[in-house]
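# Structural features, examined
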Amino acid sequence: STTKFGSFGLTFNGSMKLNFANFSGSHIGAKSFAVEAWVRTTSGKSQQQIISKYSSGGVQALTLSYREGSCGAAPRLIFRLNGADACANVNIEDGNWHHVAGVKTQGNYQALYLDGVAINISSNADDLSDTNHNWTIGNWHFPGDNTGGFNGTIDEVAVWNISLSNDTILQHYQLGWGYFNTSNF
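Our subject in this report is the structure included herewith. Since we're looking at a predicted model, the values are computed, not measured.

Helices and strands together make up the secondary structure of the protein, namely 1 helix and 12 strands. In the protein, 65% of the contacts between residues at least 6 apart in sequence involve partners at least 24 apart. With the model as given, the accessible surface of the protein reaches about 7,900 Å², and the carbon-plus-sulfur share is 50%.

This is how it looks when you write it as structure tokens:
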């Protein structure tokens, strides 16, 4: 199948994006939160945004991405909060589905997860300020800028207004947890 679960996933060609407006609870500011998604790519593209949110002046308030040149030259999975990165040198360009997640706690820790396992935990996360801009899946927020376009499929994107524990992230990965199954809430 082209999507991880049913037919809800979106295939991006490197220049597409999906913007969605703020919603109740999505102004996360100083709160704990988590973002996660299932992704599949074989692209060698140097910058691929999975999910992002920007603040005034085009500053990356939050981004979960896969790219080269940040945190080192090798391909990296990155969870960035106001310029502070939790990143790891991993290769997800293998055509397989991967579960990726970023978590921020009120204690200013940020954690990056791949396939249910924390691969980097950093204590330099700042609170997010001015996050009233839209969320973007699959590219940068800026019109006409496709340098960060994802080339592959993104499925099951979730934004949580709470931090998720290591056990919960692992459970989501192991179960291939479908977020549209409301019986789990």
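Every other side chain in a regular strand lies on the same face of the sheet, so the side chains alternate between the two faces. In terms of burial, strand β4 (residues 47-54) is largely enclosed, as 7 of its 8 residues are buried. The sheet contact formed by β4 and strand β11 (residues 135-137) spans 3 bridges and is antiparallel. Bridge assignment links Ile51 to a residue of β11, and that residue is Ile137.

This part covers the sheet that holds strand β9 (residues 110-114). Note on sheets: strands pair through backbone hydrogen bonds, and any given pair is parallel or antiparallel. Spatially, β1-β12-β3-β8-β9-β10 is the arrangement adopted by the 6 strands of the open sheet, whose pairing is antiparallel. Both edges of this open sheet fall to β1 (10-13) and β10 (117-122), since each of them pairs with a single strand only. Sheet twist, expressed as the average angle between the axes of neighbouring strands with direction ignored, equals 25 degrees. The sheet contact formed by strand β8 (residues 98-104) and β9 spans 5 bridges and is antiparallel.

Parameters and conventions
Residues numbered from 1 in each chain as written. Predicted model: local features only at pLDDT ≥ 70, side-chain atom pairs only at ≥ 80, totals over all residues. Heavy atoms only, no water. Helix = DSSP H or I, 4+ residues; strand = E, 2+ residues; numbered from the N terminus. Contact = heavy atoms within 4.5 Å. Areas by Shrake-Rupley, 256 points an atom, 1.4 Å probe, with all protein chains shown as cover. Buried < 20%, exposed > 50% of the residue type's maximum accessible area, 1.4 Å probe, protein only. Pairing = 2+ DSSP bridges. Axes fitted to C-alpha atoms, helices over the stretch in contact; angles between N-to-C directions.

None of the figures reported here should be taken as evidence of function without further support.
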